[in-house]
Amino acid sequence: MPHRIDIVTFHDPPVPDGASPWVPGAGPSFHIDVADPDPAWQGWFDELAGRVRRALGWRALVIEHVGSTSVPGLPAKPIIDIDLVVADPADEASYLPALEAEGFELRVREPWWFEHRVLRSLEPRCHLHVFGYDSPEVVKHRLFRDWLRGNPDERDLYATTKRDAAAAANEAGEHSMQYNARKEQVVREIYQRAFLAAGLLDG
């Protein structure tokens, strides 16, 4: 379990000189499509989670639906975000070939940020985030999801922020990482309130 200070801290280490988070041939996407909420997204997650479990069995320590598609009533890019926890994300041989056999493709490798990896599926569309059991990001993502599920006013604030950020990013011809940057201030404000409510920060 990560320490409390790591959960409430936003870790943004710089990319090391000469490195890139993207594997060859990969990169951020352009044109941000924020779609209306779709009840089908839960079924997409169930299908994808089944494929991950079939590939890894007990090596999949956690398979968690996170991100905007996991919050009923929240508009989102129609891409399912899943947090997958494995014993050691750096040991790609222990999980990557099995996931590739189930149709997942490695896109991002960030050893400087909790050994984070991202794989994608195209049908259904998915970003599969691989972390270790001690990563604070897994706790953050679950807390953010549950806070939005339980607080409609926060969900609506985030919905407006997402739509505004997508419109501005598309007008400026920006990619998905720049879209995320446009949302960052509001996201961190929402996190702050969730941390306080959970007792992770002193008032």
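Now for a look at the structure at hand. (Residues numbered from 1 in each chain as written. Predicted model: local features only at pLDDT ≥ 70, side-chain atom pairs only at ≥ 80, totals over all residues. Heavy atoms only, no water.)

This paragraph deals with the pairing of strand β2 (residues 80-86). In regular strands, side chains alternate between the two faces of the sheet. Counting buried positions along β2 yields 6 of 7 residues, so the element is predominantly enclosed. Alignment of strand β1 (residues 62-66) against β2, held across 5 bridges, turns out to be antiparallel. Following the sheet pairing, Ile63 is matched in β2 by Leu84. Bridge count for β2 against strand β5 (residues 125-132) is 7 bridges, and the pairing is parallel. (Buried < 20%, exposed > 50% of the residue type's maximum accessible area, 1.4 Å probe, protein only. Helix = DSSP H or I, 4+ residues; strand = E, 2+ residues; numbered from the N terminus. Pairing = 2+ DSSP bridges.)

Let us look at the sheet that holds β2. Spatially, β1-β2-β5-β4-β3 is the arrangement adopted by the 5 strands of the open sheet, whose pairing is mixed. The strands lining the two open edges of the sheet, one partner per strand, are β1 and β3 (105-110). Between one strand axis and the next, the sheet turns by 25 degrees as a mean value, whatever way the strands run. Relative to β2, helix α2 (residues 40-56) is tilted by about 25 degrees, and along the sheet it contacts β1, β2, β4 (116-122) and β5. (Axes fitted to C-alpha atoms, helices over the stretch in contact; angles between N-to-C directions. Contact = heavy atoms within 4.5 Å.)

Bringing unusual backbone geometry into the picture now. The step from Glu123 to Pro124 runs through a cis peptide bond, and the omega angle for that step is -10 degrees. By the secondary structure assignment, Pro124 is in the loop between β4 and β5. Notably, Phe114 is not glycine yet its phi reads approximately 60 degrees, a positive angle. In this fold, Phe114 is placed in the loop between β3 and β4. The phi dihedral of Glu115 falls on the positive side, at around 55 degrees, and the residue is not glycine. With respect to the secondary-structure elements, Glu115 resides in the loop between β3 and β4. For Glu115, a relative accessible area of 26% corresponds to the partly exposed category.

Structurally, the position occupied by Val66 is in strand β1. Counting along the chain gives 14 residues from Val66 to Ile80, while the straight-line C-alpha distance between them is 7.8 Å. Contact partners of Val66, with chain neighbours within four places excluded, come to Asp81, Ile82, Asp83 and His141.

Our focus in this paragraph is the pattern of salt bridges. Throughout the structure, instances matching the rule amount to 16 salt bridges. With a shortest N-O distance of 3.0 Å, Glu102 and Arg54 are connected by a salt bridge. Here the residue Glu102 occupies a position in the loop between α3 (96-101) and β3, and Arg54 occupies one in helix α2, the gap between them amounting to 48 residues. Relative accessible area serves as the criterion here: at 57%, Arg54 is assigned to the exposed category. Put simply, Arg188 and Glu184 hold a salt bridge, and the shortest N to O gap is 2.7 Å. Residue Arg188 and its partner Glu184 are located together in helix α6 (residues 176-198), separated by 4 residues, close to a single helical turn. In this structure Glu184 comes out as partly exposed when scored by relative accessible area, which is 33%. Look at the salt bridges and you will find they share partners, linking Glu64, Arg145, Asp146 and Arg149 into a network. (Salt bridge = Lys/Arg side-chain N within 4 Å of Asp/Glu carboxyl O.)

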